[in-house]
Amino acid sequence: MATACAQTPAATSAAKPNVVIVATGGTIAGAGATSANSATYQAAKVPVDKLIAGIPELSNVANVRGEQAFQIASESFTNEKLLQLGKRVSALVKDPGVDGVVITHGTDTLEETSFFLNLVIRTEKPIVLVGSMRPGTAMSADGMLNLYNAVVLAGTPSARGKGVLVAMNDDILTGRDAAKRINIKTSAFASAWGPLGMVVENQAYWFRAPVKRHTTQSEFDIDTLQSLPEVHIVYGYGNMAPTLYDAAVKAGAKAVIHAGTGNGSVPDYAVETLRRVRSSGIHVIRASRIADGFVIRNSEQPDDKYDWVVAHDLNPQKAKILAALALGKTNSTAELQRIFWEY
Ligand code: ASP
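Scoring rules and cut-offs
Residues numbered from 1 in each chain as written. Predicted model: local features only at pLDDT ≥ 70, side-chain atom pairs only at ≥ 80, totals over all residues. Heavy atoms only, no water. Helix = DSSP H or I, 4+ residues; strand = E, 2+ residues; numbered from the N terminus. Contact = heavy atoms within 4.5 Å. Near = heavy atom within 4 Å. Polar contact = N/O pair within 3.5 Å; in protein donor to acceptor, adjacent residues only side chain to side chain. Nonpolar A, V, L, I, M, F, W, Y, C, P; charged D, E, K, R; others polar. Pairing = 2+ DSSP bridges. Axes fitted to C-alpha atoms, helices over the stretch in contact; angles between N-to-C directions. pLDDT = per-residue confidence, 0-100. Phe/Tyr/Trp six-rings, centres within 6.5 Å; stacked < 30°, edge-to-face > 60°. Buried < 20%, exposed > 50% of the residue type's maximum accessible area, 1.4 Å probe, protein only. Lys NZ or Arg CZ within 6 Å of the ring centre and 35° of its normal.

Caption draft 1: The environment of Gly293, seen in detail. Following the sequence through the fold, Gly293 ends up in the loop between strand 13 (283-288) and helix 8 (303-306). On a C-alpha basis, the gap between Gly293 and Met133 in space is 26 Å, while along the polypeptide they are 160 residues apart. Non-local contacts of Gly293, meaning those with residues more than four positions away in its chain, are made with Trp193 and Asp313.

Caption draft 2: Focus on the site of the ligand. Surveying the vicinity of the ligand reveals the residues Gly26, Thr27, Ala73, Ser74, Glu75, Gly106, Thr107, Asp108 and Ser132. Here an oxygen atom of the ligand and a side-chain polar atom of Thr107 are 2.5 Å apart. A distance of 3.0 Å separates an oxygen atom of the ligand from a polar atom in the backbone of Asp108. Considering only residue class, the shell around the ligand consists of one nonpolar, six polar and two charged.

Caption draft 3: Up close: the sheet that holds strand 9 (residues 197-200). Overall, mixed pairing links the eight strands, which are arranged 2-1-3-4-5-6-9-10 in an open sheet. Either end of the sheet is taken by a strand with one partner, and the two such strands are strand 2 (63-72) and strand 10 (203-206). On average, each strand axis in the sheet is inclined to that of its neighbour by 25 degrees, with strand direction left out of account. Bridge count between strand 1 (residues 18-25) and strand 3 (residues 100-104): five bridges; the pairing is parallel.

Caption draft 4: Local environment of unusual backbone geometry. The residue Thr215 is not glycine, and still its phi comes out positive at about 35 degrees. Position of Thr215 relative to the elements: it lies in the loop between strand 10 and strand 11 (231-235). The backbone of Asp307 shows a phi angle near 65 degrees, a positive value even though the residue is not glycine.

Caption draft 5: Seen up close, the confidence of the model for the chain. Looking at the chain as a whole, its pLDDT mean stands at 96, while 96% of the residues score no less than 70. Confidence over residues 1-11 falls short of pLDDT 50; this stretch has 25 contacts with residues more than four positions distant or in other chains.

Caption draft 6: Highlighting the packing of aromatic side chains. A full pass over the atoms with the stated rule returns four aromatic pairs. Taking the centre distance of 6.5 Å and the plane angle of 45 degrees together, the rings of Trp193 and Phe294 count as tilted. Placement of Trp193 in the loop between strand 8 (189-190) and strand 9 and of Phe294 in the loop between strand 13 and helix 8 is noted, with a sequence separation of 101 residues between them. Ring geometry for Phe220 against Tyr343: centres 5.3 Å apart, planes inclined by 50 degrees, an arrangement best described as tilted. Residue Phe220 is located in the loop between strand 10 and strand 11, and its partner Tyr343 is located in the segment after helix 10 (333-342); the two are separated by 123 residues in the primary sequence. For the residue pair Phe220 and Tyr343, the accessibility class agrees, reading buried in each case. In this arrangement the basic side chain of Lys81 is found over the ring face of Phe70, its NZ or CZ atom lying 5.3 Å from the centre. Lying over the aromatic face of Trp206, Lys162 brings its terminal NZ or CZ to 4.4 Å of the ring centre.

Caption draft 7: Region of interest: helix 4 (residues 110-120). The buried fraction of helix 4 is high, at 11 of 11 residues. For helix 4, the set of buried residues is Leu110, Glu111, Glu112, Thr113, Ser114, Phe115, Phe116, Leu117, Asn118, Leu119 and Val120.

What follows is the structure, given as structure tokens:
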């Protein structure tokens with residue numbers, strides 16, 4: 001990890017929780033030329049100590065310090081960066097002096113990082129990802145309140161044991177199924193299954209709890225993870241080219257996620273290519289390009305017969321994360337499918 005650890009001074013108080021903000025860049029650290037630039041700006045410009053200094057109210061709710069892990073736009077995240085970030089967060093939550101961790105992150109791939117951390121960090125402590133849709137230089141910038149809410153959440157005892165969370169636009173979402181579903185708007189993040197709750201004026205209000213395995217109940221562990229296998233996504237559409245699957249395999253994929261139409265449907269003219277891909281030892285995982293709903297096994301395609309896996313309700317980019325972790329443990333289709341049902 002790049003260790004330009006910008007430490008920010010914070011008044012310590014026994015009554016207040018200790019929260020570390022790990023900054024990775026994104027629009028929440030972005031800057032535009034004028035206050036009218038809400039959509040045209042440079043992401044990943046403002047260092048974490050400046051972000052923290054810009055919200056003096058943070059010191060009312062927590063003892064906050066910052067670390068600059070990366071300064072990148074999140075579309076530039078790689079598997080190596082995911083592993084580096086995960087290992088750092090794992091070390092932080094093992095520190096008895098840390099009550100919670102906030103990760104500032106670009107919104108583009110925040111849903112991938114949140115799911116990854118939800119699967120690999122063995123802790124009850126709150127880990128909260130946060131971003132913004134407008135840079136801090138813009139009128140009605142959303143980053144300030146989002147970050148404030150994230151710090152409140154990371155220091156809230158009732159947030160313990162709920163897995164990795166996402167705090168955006170006052171909502172609390174689970175890192176498992178939070179997804180960026182609207183660009184431009186500040187209401188960018190949602191889950192097909194709804195938010196878990198909201199943060200309003202320093203207070204977390206809960207209405208649901210996650211039921212899928214995560215963090216302390218997970219079989220994946222960042223501390224023993226050295227690398228992630230390649231998994232690539234092929235998008236389904238009318239008149240698609242089946243040779244794209246071959247390109248994914250050529251790029252080193254150990255599994256191909258088919259981001260199919262509807263119920264993860266596969267065009268009749270592409271089935272043989274996908275069966276050949278599976279016969280060559282590469283796993284085929286049917287997901288859907290539709291944001292809501294879930295893919296049903298053996299419905300659109302005879303998955304048992306073809307030895308394919310379905311991604312259930314995970315979108316293709318989240319399916320890619322789980323597939324990469326699962327393939328580090330098993331090469332069995334039945335085991336992969338079990339993992340997709342359980343997480
Ligand atoms: N492209 C930016 C990023 O993901 C967008 C954002 O942060 O909202 O870093």
